[in-house]
Amino acid sequence: MKVVFSGGGTGGHIYPALATISEWKKQDPDLDVLYIGGERGLEKDIVPAAGIKFEHVAVQGFVRSASIENFKTVYLFLTAVKKAKTFLKKFQPDVVVGTGGYVSGPVLYAAQTMGIPTVIHEQNSVVGVTNKFLARKVTKVGVAFPAAMKDFKEATVVGNPRAQQVVAGEQDNHFDFATLGLKNDVPTVMIFGGSQGAPKLNQAVISALHQFNNQPYQILFATGQKRYEDVQTKLRENGIIPAGNVAIVPYIANMQELMPRVDLVIGRAGATSMAEQTALGKPMVLIPSPYVTNDHQTKNAKSMVDAGAAEMITEDSLSGTTLFGTVDNLMKNDDARNNMAKNSAKLGVRDAADEFIELIKESM
């Protein structure tokens, strides 16, 4: 079987595709995959590194205000459609799968005009512009959150394929917190704002650190690689010394091993993170980024709050006081935290990659 995947710009669009490909290749070692991405997106490095054939097209998004740049966007789209058709004619795929981002637009549109079955995956509770455009002629639609279904004529909740990889980390998991200077028998809170970190979240943790010190639970705080030294400098300037129950690291590379072991997750409301956390049934305190398109992280977070799986702190109300108060209340109330965990697990799709693969097969 031959399959083309397209999606990119951010990891949230790339990793669900890679997770699907990885699981599918386990089921069918002869699966032939071509990935068509953007020439400047993260996928140009990530996909080839995963050993997947890669081609690229040039695309860009529309500027919201009236701008001459939008004429360039249209030109690039039409040029990308033409180039994508060349790739598709040469590869002859059975189906073309889009996981979002501007680049999937011309690739799947090209496939649709050629009569090739197309499938899209929407990771967020708010449907992206590209997927709305493609939905008019798409063969099948998979969504991660039920809230997104209302924007499609027909869709299937399959979850986020990335979550299945994290769930696999539960099996025979012997992650040792001692490698981080923490203990294995103490309830653990993980705080992280993504690989680059979130400045306001980092500042809130710094402000609350003297209260987190010596609590009956422990804190693992990932600052983001670029902001680690800045956090350390601010701690020194303020004379704040983390106690033995607090570990501060730049980045968590082995998240799949660590995530199953933590008791509460504090962080942004990106689609991939929430898919991983709900698949594991983790209670969450979500601090959505207000800087993303259509404020979709706030809507993602609200869907979790409405389901009783999370609490939300908006960035404009985030401070050391609000952060500590929310975390401390949950960590000292096992019943509330366990109830959130149960509600979180109800939303999670543990075999999401398998579900999505079956949906793709149904399109052919």
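Just so we're clear, the structure is a prediction, and the values are computed from it rather than from any experiment.

1. Brief notes about helix α4 (residues 104-113)
Taken across its 10 residues, α4 has 8 buried, putting it largely inside the fold. Among the residues of α4, those classed as buried are S104, G105, P106, V107, L108, A110, A111 and Q112. Where α4 terminates, the next one or two residues include G115, which has phi positive at roughly 80 degrees.

2. What to know about the packing of aromatic side chains
Overall, the coordinates contain 6 aromatic pairs when judged by the stated rule. When the ring of F212 is compared with that of F324, the centres are 5.3 Å apart and the planes differ by 65 degrees; the resulting orientation is edge-to-face. Remark: F324 occurs in helix α12 (residues 320-331) and F212 occurs in helix α7 (residues 199-212); sequence separation between them is 112 residues. Judged by relative accessible area, which is 12%, F324 ranks as buried. An aromatic cluster is present here, built from F77, Y109 and F133 joined pairwise through their rings. The ring of F91 carries the charged tip of K2 above its face, separated from the ring centre by 5.1 Å. Stacked on the ring of Y15, the Lys or Arg R162 has its end atom at 4.9 Å from the ring centre.

3. So, helix α14 (residues 352-362)
Residue pairs spaced three or four apart in an α-helix point in one direction, given the helix's 3.6 residues per turn. Taken together, the buried positions of α14 are occupied by A352, A353, F356, I357, L359 and I360. The buried side chains of α14 occupy one side of the element, clustering within an arc of 160 degrees when seen end-on.

4. Details of the pattern of salt bridges
Tallied over the entire structure, the rule returns 11 salt bridges. Between D32 and K53 there is a salt bridge, with its nearest N and O atoms 2.7 Å apart. You can see D32 sitting in strand β2 (residues 32-38) and its partner K53 sitting in strand β3 (residues 53-57), a full 21 residues away along the chain. With relative accessibility at 42%, the residue K53 sits in the partly exposed group. Notably, a salt bridge pairs K234 with D230, separated by 3.5 Å at the nearest N-O pair. Taken together, the residues K234 and D230, both in helix α8 (residues 228-237) and 4 residues apart, mark about one turn of the helix.

Rules used throughout
Residues numbered from 1 in each chain as written. Predicted model: local features only at pLDDT ≥ 70, side-chain atom pairs only at ≥ 80, totals over all residues. Heavy atoms only, no water. Buried < 20%, exposed > 50% of the residue type's maximum accessible area, 1.4 Å probe, protein only. Helix = DSSP H or I, 4+ residues; strand = E, 2+ residues; numbered from the N terminus. Phe/Tyr/Trp six-rings, centres within 6.5 Å; stacked < 30°, edge-to-face > 60°. Lys NZ or Arg CZ within 6 Å of the ring centre and 35° of its normal. Arc of directions from axis to C-beta. Salt bridge = Lys/Arg side-chain N within 4 Å of Asp/Glu carboxyl O.

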